[in-house]
Amino acid sequence: MKELTNTTLDLPIWILNLERDVEKRQFMKNRLNNLGLNFEFIKAIDGNTLSEVDLSVYSKTFAVRDFGRELTPGELGCAISHIRMWQKLVDSEHGEALILEDDVLIGWALIQVLNNRDKLPTDYQHLNLSTKARQQPKGEIITDIYRASNHIERPYSAEAYLITKSGAQKLIDLVEPLYMPIDNFISIAGLVSYGVFPRVAVSADIPSTIGRRWDNMPKVTFGQKKWRQFKQILKAVAIFFGATEQSLINAHLKVNKIIK
């Protein structure tokens, strides 16, 4: 489904939406039409109807071992939907895209920021527009009161983000096997990522269809507890000898890929 109006942005806007979420689709349609934006609804994957092909990217074993629990069907559907958006960008003629979930509230500030992307740091691959993580503003004013910012904390949230083709390819290369929620993965994948301070996208007051993340959290066994403590010791030793946290994360993701 595609809505056409007089565009004010020179990049595609893709909105993830479950077919059954008619209210959310109408909410986003009204908001972006009011802003005069071109956009396209992308059919999201329903976590309750995942196929064997869909599930082939996921590792229940690694999820329990490395993340501490299995992912919910909603989290899996959400993650696979984002992965398909990255592939869509890589396969397209576009250099970057704005990806939105269907329960995010945006306004003119976001448009003004993205229309002045030349004032962002030149090396950006990802711009997290909705994270609640603390930010450290940097560089020149982009527009009005808004500046690019460094993430002081892990920048969770995949509700609204700008992603370049190189950033999308990097995520695709590292994401399998999937074993954590997609915003967690994006935050550790080593993208050159910035925020915008103050935030230009916030959660709308619409109930989530992903479901509560901790409903299926298993009890940690004695063996799992000791294994995690051992990994922390190995990590500390590696960092002492000069490894960076990001290099260890990338090595871990690549090893998991080889094992799977």
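Residues numbered from 1 in each chain as written. Predicted model: local features only at pLDDT ≥ 70, side-chain atom pairs only at ≥ 80, totals over all residues. Heavy atoms only, no water.

Caption draft 1: Representation of the packing of helix 4 (residues 73–90) against helix 6 (residues 165–175) within the structure. Two elements in contact, helix 4 and helix 6, have axes separated by 9 Å at closest approach and are oriented at 130 degrees. With respect to their mutual orientation, helix 4 and helix 6 come out oblique. Along this stretch, helix 4 crosses helix 6, giving a crossing that reads as left-handed. For the pair helix 4 and helix 6, contact is made by Ile83, Trp86, Gln87, Leu89 and Val90 and by Lys165, Ala168, Gln169, Leu171, Ile172 and Val175, respectively. (Axes fitted to C-alpha atoms, helices over the stretch in contact; angles between N-to-C directions. Helix = DSSP H or I, 4+ residues; strand = E, 2+ residues; numbered from the N terminus. Parallel < 35°, antiparallel > 145°, perpendicular 65-115°, else oblique. Left-handed = near helix turned anticlockwise from the far one by under 90°. Contact = heavy atoms within 4.5 Å.)

Caption draft 2: Geometry of the nonpolar core. Ranked by size, the top nonpolar core spans 41 residues in total, and within it Trp86, Ile163, Leu171, Leu178, Ile182, Phe185 and Ile186 carry the most contacts. Listed by contribution, the elements that provide at least two residues to this core are strand 2 (13–17), helix 3 (60–67), helix 4, strand 4 (96–101), strand 9 (160–164), helix 6 and helix 7 (182–188). At 9 residues, helix 4 tops the list of elements feeding residues into this core. Residues Phe41, Val104, Leu114 and Leu129 belong to the second largest nonpolar core, which totals 32 residues. (Core = buried A, V, L, I, M, F, W, Y, C linked by side-chain atoms within 4.5 Å. Buried < 20%, exposed > 50% of the residue type's maximum accessible area, 1.4 Å probe, protein only.)

Caption draft 3: Structural view of the side chain of Thr164. Within the fold, Thr164 resides in strand 9. Side chain to side chain, Thr164 and Ser166 meet in a polar contact 3.2 Å long. A distance of 3.1 Å separates a polar atom in the side chain of Thr164 from the backbone nitrogen of Gly167. Residue contacts for Thr164: discarding those within four places in its chain leaves Leu89, Gly95, Glu96, Tyr124 and Gln125. (Polar contact = N/O pair within 3.5 Å; in protein donor to acceptor, adjacent residues only side chain to side chain.)

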